[in-house]
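Survey of secondary and tertiary structure
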Amino acid sequence: MNFQNISKIFLVFLFLFYFSGLKSQDKFPDGTAIPKWFKENKPTDINTLGKKYIITDFGVKNDSTVLQTKQFQAVIDNAAKNGGGVIIVPKGTFLISSLFFKQGTHLYLENGAKLKGSDDINDFPVVTTRMEGQTVKYFPALINADGLDGFTISGKGTLDGNGLRYWKSFWKRREWNPKCTNMDEMRPRIIYVSNSKNIQIEGITVKNSPFWSTHYYKSHFVKLLNLTILAPKSPVKAPSSDAVDIDACTNFLIKNCYMSVNDDAIALKGGKGPKADVDPNNGENRNIIIEDNTFGFCHSVLTCGSESIHNYNVLLRNAVVKDPSRLLHLKMRPDTPQHYEYVTVENIKGNVKTFLYVKGWNQFFDLKGEEMPRKGLANNIVLKNINISCETAFSIEKSDLFDLKDFTFENLKIKALKPEMENLSNIQNLKQTKVNVTKVATLTQSYDKKDDTDIAAK
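All figures in this text were calculated on a predicted structure; none of them were measured in a lab. (Residues numbered from 1 in each chain as written. Predicted model: local features only at pLDDT ≥ 70, side-chain atom pairs only at ≥ 80, totals over all residues. Heavy atoms only, no water.)

**Here we look at the pattern of salt bridges**
Opposite charge on two side chains makes pairing possible when the charged atoms of those side chains draw close. If you walk through the whole model with that rule in mind, you get 19 salt bridges. Between Asp292 and Lys255 there is a salt bridge, with its nearest N and O atoms 2.6 Å apart. With Asp292 in the loop between strand S22 (285–291) and strand S23 (294–295) and Lys255 in strand S19 (residues 250–255), this residue pair connects regions lying 37 residues apart in the sequence. Given a relative accessible area of 28%, Asp292 falls into the partly exposed group. With relative accessibility at 17%, the residue Lys255 sits in the buried group. Between Lys375 and Asp403 there is a salt bridge whose closest N-O contact spans 3.2 Å. Separated by 28 residues along the polypeptide, Lys375 in the loop between strand S27 (339–360) and strand S28 (376–396) and Asp403 in strand S29 (residues 402–418) bring together distant segments of the chain. Overall, Lys375 belongs to the partly exposed group, its relative accessible area being 44%. Residues joined by salt bridges that share partners form a network here, namely Asp26, Lys39, Lys255, Glu291, Asp292 and Arg317. (Salt bridge = Lys/Arg side-chain N within 4 Å of Asp/Glu carboxyl O. Helix = DSSP H or I, 4+ residues; strand = E, 2+ residues; numbered from the N terminus. Buried < 20%, exposed > 50% of the residue type's maximum accessible area, 1.4 Å probe, protein only.)

Here you go:
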């Protein structure tokens with residue numbers, strides 16, 4: 001065999017080795033392969049979704065001052081009765097309370113279209129729904145989808161929760177009664193999807209939510225693509241305005257989104273209480289990928305908790321972060337059995353107030369007459385390929401109520417006012433490779449001395 005043939009064989013070998021290596025790297029934190037579903041992300045083509053129902057052709061007026069929930073719901077019901085189709089909102093502002101989508105119906109918001117939520121809670125019904133890890137009587141969202149297969153929301157328009165009046169009322173109530181819960185001030189969410197599958201929400205802006213911005217419960221194969229989710233921290237803070245709450249879901253993708261809210265950007269929920277893990281209304285989150293996103297101010301980029309039982313195979317990667325209070329927050333709730341495992345955060349750059357925050361979470365602690373549940377556990381947590389500046393590097397609490405073990409830190413470049421490296425001793429079996437934590441005297445970014453997360457946690 002001549003040298004030329006040997007060279008060709010060698011190049012082919014390198015080619016196969018390289019690409020098989022790339023393929024093998026694309027795995028969940030537990031080492032299992034990521035399915036193709038997570039990579040096949042096509043824009044919604046409303047031309048394939050059936051008849052188009054432009055709401056202004058069916059009695060809904062382009063008038064932002066008149067509540068038109070009943071008229072809008074009639075369009076949805078008519079479409080569902082006739083085999084489904086796309087409910088199209090044209091340019092303009094339309095005032096609504098709660099809409100309920102049916103099987104085969106979809107929502108499309110044209111560029112310049114806005115669905116604006118009523119700021120009068122009396123316009124919303126009281127229904128059985130899911131809130132804060134419980135199945136309770138409360139208020140539905142503006143957009144509701146339950147038990148659907150294949151539901152989509154798409155377009156370039158806006159869902160505006162019109163939350164200012166609710167926010168002011170919440171803070172006034174909290175001023176009068178510091179122990180009031182998040183649900184004491186009656187307020188709706190913007191999107192609530194439950195017991196559904198094959199969901200895609202893309203392209204739109206979701207802003208000014210009175211409560212959680214978007215909430216997904218017991219839903220599977222959900223994609224959030226190219227969304228903008230906003231809620232302000234000033235001049236009036238939008239309390240509990242989480243961008244995405246994932247509650248007992250599997251196979252969930254968040255990609256190419258921008259989030260900036262006055263609470264957690266992404267929170268993994270699932271249930272709370274000493275018997276939460278045996279309650280059929282609760283469940284684990286499994287196979288969650290959060291990639292190629294940008295985060296502005298929020299309380300945490302990724303939070304496990306505060307109502308959470310089991311989170312498994314969670315991958316946050318390829319993100320730019322600017323001004324969050326925390327990058328990764330593990331809320332260890334002592335009245336609930338909790339297990340967070342196989343969570344990886346990688347390829348992150350930017351700045352945060354606190355890099356890693358792990359503490360007990362005692363807000364509205366309630367054992368409900370039961371004995372203390374078993375210890376909480378967070379294990380197989382990986383942080384790697386991260387270049388970040390922060391005020392505090394490691395805020396990690398030592399506790400008899402939970403264990404932290406089998407953490408891996410790899411290729412970390414952290415500039416911190418307060419490195420707090422001694423807190424790493426609270427992690428059992430911590431592996432560190434190429435970890436460079438540099439103490440600095442000043443930062444270009446300043447942070448609030450205390451945000452309302454700190455207050456709520458007490």
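**As for the packing of aromatic side chains**
Summed over all chains, the structure comprises 13 aromatic pairs. Each ring, one from Trp37 and one from Phe221, has its centre 5.3 Å from the other, and the planes form 80 degrees; the classification is edge-to-face. With a gap of 184 residues between them, Trp37 in the loop between helix H1 (3–25) and strand S1 (51–54) and Phe221 in strand S16 (residues 220–225) connect regions that are remote in the sequence. Judged by centre distance (5.3 Å) and plane angle (70 degrees), the ring pair of Tyr216 and Phe252 falls under edge-to-face. Within this pair, whereas Tyr216 is found in strand S15 (residues 214–217), its partner Phe252 is found in strand S19, the two being separated by 36 residues in sequence. According to the relative accessible area criterion, Tyr216 is buried, its value standing at 0%. Site record: aromatic cluster; members linked through ring pairs are Phe28, Trp37, Phe38 and Phe221. (Phe/Tyr/Trp six-rings, centres within 6.5 Å; stacked < 30°, edge-to-face > 60°.)

**Section: the confidence of the model for the chain**
This prediction gives the chain a mean pLDDT of 93; 93% of its residues lie at or above 70. Element-level mean pLDDT values for the chain span from 45 in H1 up to 99 in strand S14 (residues 205–207). Confidence drops under pLDDT 50 across residues 6–24; counting only partners more than four residues distant or on other chains, this segment forms two contacts. Contacts of residues 454–458 to residues separated by more than four positions or lying in other chains number nine contacts, the stretch itself having pLDDT below 50. (pLDDT = per-residue confidence, 0-100. Contact = heavy atoms within 4.5 Å.)

**Re the pairing of S28**
Consecutive side chains of a regular strand alternate in pointing toward one face of the sheet and then the other. Judged by how many residues are buried, S28 sits mostly within the fold: 16 of 21 residues are covered. Sheet topology places S27 next to S28; 16 bridges connect them, and they run parallel. Looking at the pairing, Glu341 lines up with Asn379 of S28. Pairing between S28 and S29: 14 bridges, direction parallel. Across the sheet, the residue bridging to Cys390 is Ala416, located in S29. (Pairing = 2+ DSSP bridges.)

**Considering the nonpolar core**
Counting residues in each nonpolar core, the largest one holds 104 residues, and the members touching the most others are Phe72, Leu115, Ile143, Val244 and Phe355. With sequence-adjacent residues up to four places away left out, Phe72 is seen in contact with Ile55, Val60, Ile87, Val89, Ile96, Leu99, Phe101, Leu107 and Leu115. Listed in part, the eight residues of the second largest apolar core include Phe28, Trp37, Leu253 and Leu315. (Core = buried A, V, L, I, M, F, W, Y, C linked by side-chain atoms within 4.5 Å.)

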